[in-house]
Each structure stands twice: as structure tokens, then as C-alpha cells.
Amino acid sequence: LWQLEDARMRTLRWLTTLDPAVVDWSPPGEQVNTIGTLLYHIAAIELDWVFADILKAPWPKDLDRWFPVEVRDTSDRLSAISGETVETHIERLALVRAGVLEGLREMTEADFNTPRVTPNYIVTPAWALHHLCQHEAEHRAEMSSLAARAPK
């Protein structure tokens, strides 16, 4: 869990350096995900892995309103998310993380190492959390690269 928190702290620290004007920016003529789309995706995937795959439980109901759009569109691309402030994305990330930590609070060490069977794979919660750390770090690098390309 500390690794999950470390990954988030790095994302939040990076977001403090972000020019808010580039949250919805994408290079003209390129089909790339915006920073806002990636932040929405990071939050949604964390929630899904923890609740659907690890806990096998529904998301906390109070988080539903934060995800009005399916993560993927009909072409299986990330759904474009625009018009949200950096602060809104940060609030969503914080609420998701609070729900995730609450959901995982009662798990024992044995629980973290007990495999979960899903339709697509067999995975332990410990590995899933490692995957979420890497997922966030890789998208943070993608966002950083995108922000560096944005007009100043």
C-alpha cells in the first residue's frame, strides 16, 4: 500500500507543476489521449482492479457520480474526457484512493497473497497493487511527455 501511495504522491507532485491550460490539449492531427483523459483512466482503473478483481465487490456508491463516462468508447479507445479542471481530477483521485484504502483495510497478509480468479487471469492482490503502481507511473510519464510538447 505504501508503494501505491508513493506512486500517487509522485503524480500529485507532478500535477502541481502542470499548466492547467494543457489538461485538455493534444497535438494537432494526432490521436493521443489528453492529460485529463489519462487522469480519469488512472482513477477508474484503480477502482475497478481493487473492487471488481481484488475485493469482488461493487464500487462505493458515492463514487459513481465521478465516473459518468465509460472508460472506453465503442472503438475500445479511452473515452475522451475534457472540460474538467486539474483540481477536479485531483479530487477524483483522492476520493478513489480513500475508497480503495478503506476497502483494503481489513485484508490480512494472507489475503494479499491469495490468488483471485477473474475471467481473463489469475492474480493476487499484491500483484494487482504492484500493477496499479506501474500503471500510474507509466501514464504519468505519458502525461509528462505530452505536457512538454504543449505550446507555452
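Preceding block: the structure.
Presented here is an overview of the structure given in this document. All figures in this text were calculated on a predicted structure; none of them were measured in a lab. (Residues numbered from 1 in each chain as written. Predicted model: local features only at pLDDT ≥ 70, side-chain atom pairs only at ≥ 80, totals over all residues. Heavy atoms only, no water.)

**Description of the layout of surface pockets**
- By volume, the largest pocket is sized at about 180 Å³.
- Lining the largest pocket are His41, Ile45, Asp48, Trp49, Asp53, Val71, Arg72, Tyr121, His131 and His135.
- Contributing elements (two or more residues each) for the lining of the largest pocket: helix 2 (35-55) and helix 5 (125-149).
- The element contributing the most residues to the lining of the largest pocket is helix 2, with five residues.
- Looking at the lining of the largest pocket residue by residue, the class counts come to four nonpolar, three polar and three charged. (1 Å grid on protein atoms, 1.4 Å probe; cavity = no way out; pocket = protein on both sides within 12 Å on 5 of 7 lines; lining within 4 Å. Points joined across faces, edges and corners; volume = space filled by probe spheres on them. Helix = DSSP H or I, 4+ residues; strand = E, 2+ residues; numbered from the N terminus. Nonpolar A, V, L, I, M, F, W, Y, C, P; charged D, E, K, R; others polar.)

**What about the nonpolar core?**
- In this structure, Leu18, Ile35, Val50, Phe67, Leu104 and Leu129 are the most contacted members of the largest nonpolar core, which totals 42 residues.
- Within the residue set of this core, elements represented by two or more residues are helix 1 (2-15), helix 2, helix 3 (86-104) and helix 5.
- A per-element tally of this core places helix 2 first, with 13 residues. (Core = buried A, V, L, I, M, F, W, Y, C linked by side-chain atoms within 4.5 Å. Buried < 20%, exposed > 50% of the residue type's maximum accessible area, 1.4 Å probe, protein only.)

**Side note on unusual backbone geometry**
- Not every positive phi belongs to a glycine, and Lys56 is a case in point at roughly 50°.
- We note that Asp76 has phi near 70°; this positive angle belongs to a residue other than glycine.
- Relative to the helices and strands, Asp76 is located in the loop between helix 2 and helix 3.
- On the basis of relative accessibility, which here comes to 51%, the residue Asp76 falls in the exposed class.

**A short note on the pattern of salt bridges**
- Across all of its chains, the model carries nine salt bridges by this definition.
- Across the salt bridge formed by Arg10 and Asp6, the nearest N and O atoms sit 2.9 Å from each other. Taken together, the residues Arg10 and Asp6, both in helix 1 and four residues apart, mark about one turn of the helix.
- Since its relative accessible area comes to 40%, Arg10 is described here as partly exposed.
- The residue Glu46 makes a salt bridge to Arg97 at a minimum N-O spacing of 2.9 Å. One end of the pair, Glu46, is in helix 2; the other, Arg97, is in helix 3, with 51 residues separating them in the sequence. Accessibility classification places Glu46 together with Arg97 in one group, the buried group.
- Each of the salt bridges in this network shares a partner with another, and the network as a whole consists of Glu5, Arg8, Glu46, Arg97 and Glu136. (Salt bridge = Lys/Arg side-chain N within 4 Å of Asp/Glu carboxyl O.)

These values are about where atoms sit, not about what they do.
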